[in-house]
Amino acid sequence: MDLRIFTEPQQGADYDTLLTVAKATEDLGFDAFFRSDHYLAMGSSDGLPGPTDAWITLAGLARETRRIRLGTLMTAGTFRLPGVLAIQVAQVDQMSGGRVELGLGAGWFEEEHRAYGIPFPKEKFARLEEQLAIVTGLWATEVGGTFDFDGAYYQLKDCPALPKPAQPTVPLLIGGHGATRTPRLAARYAQEFNIPFASVEDSRRQFGRVREAAEAAGRKGDDLVYSNALVVCVGKSDAEVARRAAAIGREVDELKENGLAGSPAEVVEKIGRYQEIGSSRIYLQVLDLHDLEHLELISSQVQSQLG
């Protein structure tokens, strides 16, 4: 079971804070550092000191880290033209020595689009399908060749399809709860399917849909990695769990129901339940980015038990 650190910087984190967390992620033996791709804080957070851009952040971290994987859950398809996104991801992959992964979604948070003047189209999912075809098509085009695409939303003509990523294949993550179209897209394009903030039973059902879609597309169901994203709140005592829950504005019972919360033993047990239904990777949503002792505890008493 891989454990990855997943951050939400739009809630209030500058680059230096993210760098500190990424270095701790590497030093403590976690598999990867991922971040959301949002420009507006959610809930009661004031978002200070303001948003950071996902791919600019990852470019910086690519040069400041050496081992951990780096990526997004999820880059919003509404934020970037697919040709530009292919260039950005390929460049960051080169800068990292081949450690980048791309989570790509349709985009959903309308308020942040309105706040920053970003168009928020109605037909987001159909656009996402074209974006996936373009990004993967550009990377797959042989050097010296060109790439053309004539879609309903995007048209590319005589594109040199450069630069290329350092990796032969940049792992592509697709995720969500959709019962039909999401599994179909994952089966066609993804190396990993991620379901965010879902119960064990809901994850089981969605993983099954993706496996069926993969087999219908001529792939083996086990060709994909299956993963979960879950909020984490671990403590050595009930008081410590309660303190960490209060720091992120959540209730302990709710966190235990909907995330990974409690003692290290409780969290290990619940992770095991996800592992039993086919999940091999957990993205730990860490909401208090200044509590590095939390990461140390997870590393020493949770990760160490998962082997």
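For the structure itself, look to the data block above.
Because the structure is a prediction, the values reported are computed rather than measured.

Peer 1: Describe the overall build of the protein, with residues and values.
Peer 2: Helices and strands together make up the secondary structure of the protein, namely 11 helices and 12 strands. Here the C-alpha radius of gyration of the protein, 19 Å, is about what a compact globule of 307 residues would show, namely 19 Å. Principal-axis analysis of the C-alpha atoms places the extent of the protein at approximately 60 × 45 × 35 Å. If you take every contact in the protein between residues at least 6 apart in sequence, the share linking residues at least 24 apart comes to 72%. Accessible surface computed for the protein: about 13600 Å², of which carbon and sulfur atoms make up 50%. Charged side chains of the protein number 32 positive and 43 negative; the gap between the two group centres comes to 4 Å.

Peer 1: Got a sec to walk through the nonpolar core? Specific residues and values, please.
Peer 2: Side chains of a nonpolar character, in soluble globular proteins, are inclined to be buried together. L3, W55, L102, L284 and V302 are the most contacted members of the largest nonpolar core, which has 76 residues in total. If one sorts the elements of this core by residue count, helix α5 (residues 124–140) sits on top with eight residues. In contact with L284, not counting residues within four places along its chain, are L3, R4, I5, F6, F30, L230, V232, L260 and I298. One finds A32, F34, L73 and L173 within the second-largest nonpolar core, a separate group that totals seven residues.

Peer 1: Explain the environment of K23 to me, and be specific about the residues and the numbers.
Peer 2: With respect to the secondary-structure elements, K23 resides in helix α1 (residues 15–27). Here K23 falls in the partly exposed class, since its relative accessible area comes to 36%. K23 sits 229 residues away from V252 along the chain, and the two C-alpha atoms are 28 Å apart.

Peer 1: Tell me about the packing of helix α2 (residues 54–64) against helix α3 (residues 82–96), residues and numbers included.
Peer 2: It is at 8 Å that the axes of α2 and α3 come closest, and there the two elements cross at 15°. Here α3 runs roughly parallel to α2, going by the angle between their axes. By crossing handedness, the relation of α2 to α3 is classed as left-handed. Residues W55, L58, A59, A62 and R63 of α2 pack against L85, V89, V92, M95 and S96 of α3. In terms of residue class, the contact of α2 with α3 is made up of eight nonpolar, one polar and one charged.

Peer 1: Got a sec to walk through the pattern of salt bridges? Specific residues and values, please.
Peer 2: Overall, the coordinates contain 22 salt bridges when judged by the stated rule. Between R205 and D202 there is a salt bridge; the shortest N-O distance is 2.2 Å. Taken together, the residues R205 and D202, both in helix α7 (residues 200–216) and three residues apart, mark about one turn of the helix. One salt-bridge network, in which partners are shared between bridges, spans K236, E240, R243, R244 and D291.

Peer 1: Kindly report on the pairing of strand β7 (residues 155–159), identifying the contributing residues and their values.
Peer 2: Put simply, side chains in a regular strand alternate between the two faces of the sheet. Where strand β6 (residues 147–150) lies against β7, three bridges are found, and the strand directions are antiparallel. Its bridge partner being in β7, F149 is matched across the sheet by L156. Where β6 hands over to β7, the hairpin turn is made up of four residues, counted between the paired strands.

Peer 1: Please provide a residue-by-residue account of the side chain of R281, values included.
Peer 2: In this structure, R281 sits in strand β12 (residues 281–286). Using a relative accessible area of 12% as the deciding quantity, one classes R281 as buried. For R281, the side chain forms a polar contact with the side chain of D2, separated by 3.2 Å. Leaving out residues up to four positions away in the same chain, R281 has contacts with M1, D2, R4, D31, E101, E192, V225, Y226, S227 and N228.

Cut-offs applied
- Residues numbered from 1 in each chain as written.
- Predicted model: local features only at pLDDT ≥ 70, side-chain atom pairs only at ≥ 80, totals over all residues.
- Heavy atoms only, no water.
- Helix = DSSP H or I, 4+ residues; strand = E, 2+ residues; numbered from the N terminus.
- Rg over C-alpha atoms; globule rule 2.2 N^0.38 Å.
- Contact = heavy atoms within 4.5 Å.
- Areas by Shrake-Rupley, 256 points an atom, 1.4 Å probe, with all protein chains shown as cover.
- Lys, Arg positive; Asp, Glu negative; His and termini not counted.
- Charge placed at Lys NZ, Arg CZ, Asp CG, Glu CD.
- Core = buried A, V, L, I, M, F, W, Y, C linked by side-chain atoms within 4.5 Å.
- Buried < 20%, exposed > 50% of the residue type's maximum accessible area, 1.4 Å probe, protein only.
- Axes fitted to C-alpha atoms, helices over the stretch in contact; angles between N-to-C directions.
- Parallel < 35°, antiparallel > 145°, perpendicular 65-115°, else oblique.
- Left-handed = near helix turned anticlockwise from the far one by under 90°.
- Nonpolar A, V, L, I, M, F, W, Y, C, P; charged D, E, K, R; others polar.
- Salt bridge = Lys/Arg side-chain N within 4 Å of Asp/Glu carboxyl O.
- Pairing = 2+ DSSP bridges.
- Polar contact = N/O pair within 3.5 Å; in protein donor to acceptor, adjacent residues only side chain to side chain.

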